[in-house]
Amino acid sequence: MDASVNTWSFFYTHLMSLWLNRFYIYSCAAFGIGIWICFQFITTKAKKQDEKSTQKLTPSKVTQDVLINGYTMPKTKEVYVAGVKVFYGSQTGTAKRFATILAEAILSLNLPAEIINMRDYDPDDCLAEEATSKNICVFLVATYTDGHPTENAAWFCKWLEEAVNDFRFGKTYLKGMRYSVFGLGNSVYVDHYNTVGKNIDKWLWMLSASRVMTRAEGDCNVTKSKHGSIEADFDAWKARFLTRLQALCKGEKKPCSGNCKKGKCKSKGKQSKEGSDHEQRVSEQENTEVEDLFETTSEEESGAEEDGSRNSVIDVEDLGKIMGHMKKAKKERELEEEAGRTGPSQQRSGNNEESERREMITPGLRDALTKQGYKLIGSHSGVKLCRWTKSMLRGRGGCYKHTFYGIESHRCMETTPSLACANKCVFCWRHHTNPVGTEWRWKMDQPEMILREAIENHQSLIKQFKGVPGVKVDRFEEGMVVKHCALSLVGEPIMYPEINTFLKLLHRHNISSFLVTNAQFPVEIRNLEPVTQLYVSVDAGTKESLKKIDRPLFKDFWQRFLDSLKALAEKQQRTVYRLTLVKAWNVDELKAYAELVSLGKPDFIEVKGVTYCGENAASNLTMANVPWHEEVVHFVRELADLIPDYDIACEHEHSNCLLIAHKKFKIDGEWCTWIDYDRFQELVQVYENSRGSKTFTAADYVAKTPHWAVFGSRERGFDPLDTRFQRKNKTKDISGC
């Protein structure tokens, strides 16, 4: 009993003591807890600062640790873009060059880049792998003749088209693949403009691949190109693509819309106001360029793309919205254009339109033509020294025009007031460096300035031969005075709106005119003022072969061709058909040629073997297509038999060329194919003074053809006053007319 009482007394005493001193106990506990909280706060803050400093020094190192099989393993940063594959389909090398430029730019971003020739890529084996590779596939593809792909891209396009229509592949075959397309084309080919780029973009999208950017289109037509040239279009697209690529590398699925409010971007990865503002400016610039430059997908199509990632079937209603949006936009553009054409201030708008027109010669074109020896004049003209001019200055013979018509080759200026052309002939020895078009849409220089600078540039080129060994002093002095002008340098001179004024200026300077046209502008031929000699290129006898050889831009090229020949028949001055024989292409169309002769009734027919211009990516001609001179002679004999009013008059073996003339030029048994140039100047002066009432014909200014120029002569068209020079290496000179 006493023991239990003592125990209770002991506990009671201590409990009462704790209760009486509870204030001190609470104070000590609170003080201890406060110290612990402060210690935890300080250590946590120091730890966070250490982590931040470590991340700044090594951002690509371990960010988190994960436990695998009992071991702590580092977790690396997620890779959103493994690399970029740049596919190119090229015929002339432009797309290949762009691919190289793009790959170098991608490498500068520390990303792997691979350039792939589409000919060397097997889509059947490799394309599906791009759906899981985390690569971005870029397609730089050109459109070739009639909207077909280039040779190296033909198989890829064929396979892709078949895959779209093959149920075995399925509509989600390329789901996960990311791509972008840049097409290369020329808008003057309206029906086939950038067809290949559009098709590849469409086919990839139909197989559920995802666009990282809307399709872009580069335009070789400087009048329609947003930035003035296809190179500038590519540079603009490349800048946008690299910006988008950097965003993808950060894990952004969509670019900033540009609609963020108060400078706060809602897109992922935008941590600072500065970055947000930059992205917004870039996006606004992109949106403007997309609307003005590129033919893009609509917003509805973009929405359908997102839905397609979840469901490969597109609702017909959605498709209707897409088409409706596109038709509405097209209609608005047409209304704007119509309003621009028929507005109340038509004259003022016309002046504005003229001031807004671009120059025909772009900086890139200027560099290319200058390297080829052209002296460029203003914004659309040029002059170049013909190799026959150089040859005759040195007493080594003149061109076939000297043999056929008595031109003094050392006094002939080869020029053009229009570098643009409406054809892209396979045998063009200018290698298609000149622009193309179906109508005049460029700034226009005045004819007085063109002629003045053409003569000055020609004279400066002649001066370079002063003191050159072999140059004859008398011919050098004569060469400083231009007597003939061959408007056949390059392009289509008749496209120049002031061509008639230019011809009149030539005649007032006592310069004869030899104008060449490609028979695609019948109205202009009909309205043409008298020319010393008017040429029409008749490169084929049938519609199919003309399309194959000349590759004209006009849809109605054949009707234009026939109408041009009919317009030629109405001319009273000298007219010429110029036939270029391409072996295995047009040498078997004798009857067709004979029918064309009866249509245009030319005074003369020049038949010349095609000149091989070396390897050219824009043409597949080879030396096998160049006929031997004897083959040309055989063709001419057969053709002459089919046209009884004509006969073979002259020959220039050195140029692989013969002349068939109408028998009315065979006077008293002698050919009179040469021209009395002084007499022509007198007649054309009377014509101009009478305002066209006193006309004249080709028979009024003929001259006798010398014996050495007549077909069958021992000289075979080489002037005996000159000395024929044979090159030791037999290398062909492709310059000159």
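Parameters and conventions
Residues numbered from 1 in each chain as written. Predicted model: local features only at pLDDT ≥ 70, side-chain atom pairs only at ≥ 80, totals over all residues. Heavy atoms only, no water. Helix = DSSP H or I, 4+ residues; strand = E, 2+ residues; numbered from the N terminus. Buried < 20%, exposed > 50% of the residue type's maximum accessible area, 1.4 Å probe, protein only. Contact = heavy atoms within 4.5 Å. Areas by Shrake-Rupley, 256 points an atom, 1.4 Å probe, with all protein chains shown as cover. Polar contact = N/O pair within 3.5 Å; in protein donor to acceptor, adjacent residues only side chain to side chain. Pairing = 2+ DSSP bridges. Right-handed = clockwise from strand over helix to strand, strands pointing away. Patch = residues over 30% accessible without salt bridge, like charges linked within 9 Å, V, L, I, M, F, W, Y side chains within 5 Å. Salt bridge = Lys/Arg side-chain N within 4 Å of Asp/Glu carboxyl O. Lys, Arg positive; Asp, Glu negative; His and termini not counted. Charge placed at Lys NZ, Arg CZ, Asp CG, Glu CD. Axes fitted to C-alpha atoms, helices over the stretch in contact; angles between N-to-C directions. Core = buried A, V, L, I, M, F, W, Y, C linked by side-chain atoms within 4.5 Å. Parallel < 35°, antiparallel > 145°, perpendicular 65-115°, else oblique. Left-handed = near helix turned anticlockwise from the far one by under 90°. Nonpolar A, V, L, I, M, F, W, Y, C, P; charged D, E, K, R; others polar. Phe/Tyr/Trp six-rings, centres within 6.5 Å; stacked < 30°, edge-to-face > 60°. Lys NZ or Arg CZ within 6 Å of the ring centre and 35° of its normal. pLDDT = per-residue confidence, 0-100. Expected span 1.5 Å × (residues − 1).

Thoughts on the overall build of the protein
Next, step 1: If you tally the helices and strands in the protein, you get 23 helices and 22 strands.
Next, step 2: Put simply, the protein has 737 residues, and 48% of those count as buried.
Next, step 3: Taking the contacts inside the protein whose residues are at least 6 apart along the sequence as the reference set, 75% of them involve residues at least 24 apart.
Next, step 4: Approximately 38,700 Å² of the protein is accessible, and the part contributed by carbon and sulfur atoms is 52%.

Examining the side chain of N117
Next, step 1: Relative to the helices and strands, N117 resides in strand β4 (residues 113-117).
Next, step 2: The buried category is assigned to N117, whose relative accessible area is 16%.
Next, step 3: Within the structure, N117 has its side chain in polar contact with the side chain of Y88 (distance 3.4 Å).
Next, step 4: At a separation of 2.8 Å, a polar atom in the side chain of N117 contacts the side chain of N152.

Some points on the pairing of strand β12 (residues 484-487)
Next, step 1: Side-chain alternation along β12 places H484 and A486 on one buried face and C485 and L487 on a second face that is also buried.
Next, step 2: Two strands pair when backbone bridges link them, and strand β11 (residues 412-416) and β12 are joined in this way by three bridges, in the parallel orientation. Looking at the pairing, M413 lines up with C485 of β12.
Next, step 3: Across four bridges, the pairing between β12 and strand β13 (residues 512-517) is parallel. By the bridge assignment, A486 is partnered in β13 with F514.
Next, step 4: You can see the chain leave β12, run along helix α17 (residues 499-508) and come back into β13, and the turn it takes is right-handed.

Comments concerning a negative patch on the surface
Next, step 1: Where like charges cluster on the molecular surface, the negative patch consists of D122, D124, D125 and E129.
Next, step 2: Relative to the assigned elements, D122 resides in the loop between β4 and α4 (123-126).

Some thoughts on the sheet that holds β12
Next, step 1: With respect to topology, 10 strands assemble into an open sheet ordered β9-β10-β11-β12-β13-β14-β15-β16-β18-β17, the strand pairing being mixed. Both edges of this open sheet fall to β9 (375-377) and β17 (646-652), since each of them pairs with a single strand only. Neighbour-to-neighbour, the strand axes of the sheet open up by a mean angle of 25°, direction not taken into account.
Next, step 2: In the packing of helix α15 (residues 447-463) onto the sheet, the strands contacted are β9, β10 (381-384) and β11, and the crossing angle to β9 comes to about 165°.
Next, step 3: Packing of α17 onto the sheet brings it into contact with β12 and β13, and relative to β13 it is tilted by some 150°.

Points about the environment of F98
Next, step 1: Structurally, F98 is set in helix α3 (residues 94-107).
Next, step 2: A residue is classified by how much of its surface remains accessible, and F98, at 1% relative accessible area, is buried.
Next, step 3: Note: C-alpha distance between F98 and D235 (137 residues apart in sequence) is 9.2 Å.
Next, step 4: Among residues more than four places away in sequence, those in contact with F98 are L140, F182, L184, I230, E231 and F234.

Side note on the nonpolar core
What tends to happen in soluble globular proteins is that the nonpolar side chains get buried as a cluster.
Next, step 1: In this structure, V538, F561, Y577, L579, I605 and V607 are the most contacted members of the largest nonpolar core, which totals 80 residues.
Next, step 2: With residues near it in sequence (within four places) discarded, F561 still touches A519, Q520, S537, V538, A540, L546 and L596.

Observations concerning the packing of helix α21 (residues 590-600) against helix α22 (residues 629-642)
Two measures define how a pair of helices packs: the angle their axes make with one another and the distance between the axes.
Next, step 1: Axis separation between α21 and α22 bottoms out at 9 Å; the angle between their running directions is 50°. If you check the angle between α21 and α22, you find them oblique. For the crossing formed where α21 meets α22, the hand is right-handed. Residues L590, K591, Y593 and A594 of α21 pack against F635, E638, L639 and L642 of α22.
Next, step 2: Considering only residue class, the contact of α21 with α22 consists of six nonpolar, no polar and two charged.

Side note on the environment of S693
Next, step 1: Residue position: S693 is located in the loop between α23 (677-689) and β22 (702-703).
Next, step 2: A polar side-chain atom of S693 sits 3.0 Å from the main-chain carbonyl oxygen of S690.

Quick notes on the pattern of salt bridges
Next, step 1: Under the definition given, this model contains 22 salt bridges.
Next, step 2: With a closest N to O distance of 3.7 Å, R508 and E688 form a salt bridge. Separated by 180 residues along the polypeptide, R508 in helix α17 and E688 in helix α23 bring together distant segments of the chain.
Next, step 3: Here R716 makes a salt bridge to E630, at a shortest N to O gap of 3.4 Å. With R716 in the segment after β22 and E630 in helix α22, the pair connects residues that are 86 residues apart, well separated along the chain.
Next, step 4: Given the relative accessible area of 25%, R716 is considered partly exposed.
Next, step 5: One network of salt bridges, with partners in common, ties together E630, E651, E653, R716 and R724.

Re the packing of aromatic side chains
Next, step 1: Across all of its chains, the model carries 29 aromatic pairs by this definition.
Next, step 2: Summarising the aromatic geometry, the rings of W159 and F169 are spaced 5.5 Å apart at their centres and angled 85° between planes, so their arrangement reads as edge-to-face. Linking W159 in helix α5 (residues 154-164) with F169 in the loop between α5 and β6 (178-185), this pair joins segments that are 10 residues apart in sequence.
Next, step 3: When its relative accessible area of 22% is taken as the criterion, F169 is described as partly exposed.
Next, step 4: Taken together, F98, F182, F234, W237 and F241 form an aromatic cluster joined through their ring pairs.
Next, step 5: Its guanidinium or amino end placed over the ring of W388, R387 lies 4.3 Å from that ring's centre, counting from NZ or CZ.

With respect to the confidence of the model for the protein
In regions of low pLDDT, the predicted coordinates are not meant to be interpreted in detail.
Next, step 1: Model confidence for the protein is summarised by a mean pLDDT of 80, while 77% of its residues fall at 70 or above.
Next, step 2: Low pLDDT, under 50, characterises residues 256-322; the predicted model gives this stretch 69 contacts beyond four residues in sequence or across chains.

A few points about helix α7 (residues 230-249)
Next, step 1: With 20 residues, α7 should reach 28 Å at 1.5 Å per residue; the first-to-last C-alpha distance of 28 Å fits that figure.
Next, step 2: G251 lies just past α7 and shows a positive phi near 95°.

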